Amino acid sequence: MKFIVIGISDNPQPFFPPEVLDVIKNGKVFSGGKRHHDIVAPLLPKDAEWIDITVPLDAVFEQYGSLCRADSPSTGGGGGRLIVFASGDPLFFGFANTIRSRMPEADITVYPSFNSLQMLAHRLLMPYHDMHIVSLTGRPWPAFDRALIERTAKIGVLTDRHHTPTAIARHMLDYGYTNYQMNIGEHLGNPNEEAVSTLSLEAAAQRTFASPNCLILTSCQLCSGGATAKPFGLPDARFALLDGREKMITKMPIRLLTLQALDLPRRHVFWDIGFCTGSVSIEARLLFPHLEIHAFEIRPKCEAIIHENARRFGAAGINVHIGDFLTAPLPTTLPDAVFIGGHGGRLKEIMSKVLTVLAPGGVIVFNSVSSPHVPTDSRQLWDEACAALSLSQAPPLQVRLNDHNLITILKCTDSG
């Protein structure tokens, strides 16, 4: 099937080069959003057929497929030819990509226009070759959170009706990313409705904006050498604690050694079981923002603690699960790195459940504390579990911090 995808802006009187006008003049079947139809309707042939692009897209592509299957008069004969109007550059998070994924055998020709972020940069006279692009259109926060954690100096953001400039500003302020200003473009390309504004995050958080819109975030420190450096080794004293108990946190040097044992630069999905204050998850999130992180804890009061600590350190994007790990439903993405920070005497059972979902090549790490006050040595529990579950152990690492008990960092993999 032949697709011709034409990019347009919001201008109610669009300009097309003669080649594109000729394509439209000789077309029979067209498709696009309602807004696109309102713009191009005067240019369409009188007998034109229009297929609305609406979500969910399954019905839309079923109609496209029928054009390919049927040699109807509306196709002009010969297997189907469809002209699609799409916003901006159809290959920039655009509908041409959707066609390619849904109908990989389709023949596609693209006539692009400027995308919305290009137009906003033009209005601002802002170079955009160094801009990092994030789409929040129908997508969750993780990619945007990663850009913030990485201290990206210039971020272009495609929005939707849920991830609005207002919601984005509030999200950033909630996690302490205050060193940005927000440049917002509304109805770009429409000379009657277009508006461009540059606001502080505090001001943007109190405003509403017309849709469609997009925005470019720029670091307020661009002129003085870039964004602030990412932290490495979070100070223990800054964490909110469980009932003020200093011993209920994995100390910073141990955290860093634990993350090293997990080999997180090469991992994709990290589970932190028994997170308590969330210190391990938060350190991992800031050092390795590419990770998908799930933190599990049985104590309900720890939920507020991890959220408070995540906000203190700007560690957005940690997925928190409260409840008994052994009975709760698990995330659908398979972990390839698991840290067991608390086990309640059920270490073998927890490891056994982890093994049912651990990705091939995944690792499990556990920190054993040697203390005369603990009746059953946790190292013994670990060794027994590894033997019963046929797990291969890596050489242990022993560390003692000041006058604290000896810590042994243990690591295993599935030998089966």
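A brief structural summary.

About the cut-offs
- Residues numbered from 1 in each chain as written.
- Predicted model: local features only at pLDDT ≥ 70, side-chain atom pairs only at ≥ 80, totals over all residues.
- Heavy atoms only, no water.
- Helix = DSSP H or I, 4+ residues; strand = E, 2+ residues; numbered from the N terminus.
- Buried < 20%, exposed > 50% of the residue type's maximum accessible area, 1.4 Å probe, protein only.
- Lys, Arg positive; Asp, Glu negative; His and termini not counted.
- Salt bridge = Lys/Arg side-chain N within 4 Å of Asp/Glu carboxyl O.
- Polar contact = N/O pair within 3.5 Å; in protein donor to acceptor, adjacent residues only side chain to side chain.
- Contact = heavy atoms within 4.5 Å.
- Pairing = 2+ DSSP bridges.
- Right-handed = clockwise from strand over helix to strand, strands pointing away.

Below, the discussion takes up the side chain of Asp160. On the secondary structure map, Asp160 appears in the loop between strand S7 (154–158) and helix H7 (165–174). Arg139 is the oppositely charged side chain nearest to the buried, salt-bridge-free Asp160, at an N-O distance of 8.1 Å. One polar contact links the side chain of Asp160 to the main-chain amide nitrogen of His163, over a distance of 2.6 Å. Not counting the four nearest positions on each side in its chain, Asp160 is found in contact with Leu136, Thr137 and Gly138.

Right, let's talk about the pairing of strand S14 (residues 337–340) for a bit. A two-sided burial pattern is seen for S14, the buried positions comprising Ala337 and Phe339 on one face and Val338 and Ile340 on the other. Where strand S11 (residues 269–273) meets S14, four bridges bridge the pair, whose relative direction is parallel. Note that in S14 the partner of Asp272 across the bridge is Phe339. Note on the crossover from S14 through helix H12 (residues 347–355) to strand S15 (residues 363–370): the handedness is right-handed.

All right, on to the pairing of strand S8 (residues 180–186) then. The buried fraction of S8 is high, at six of seven residues. As paired strands, S8 and strand S10 (residues 213–219) are joined by seven bridges and run antiparallel to one another. Along S10, the bridge assignment pairs Gly185 with Cys214. Here S8 pairs with strand S9 (residues 195–200) via six bridges, running antiparallel. Pairing of Ile184 across the sheet is with Ser197, part of S9.

Scope: geometric values only; no functional claims are made or implied.
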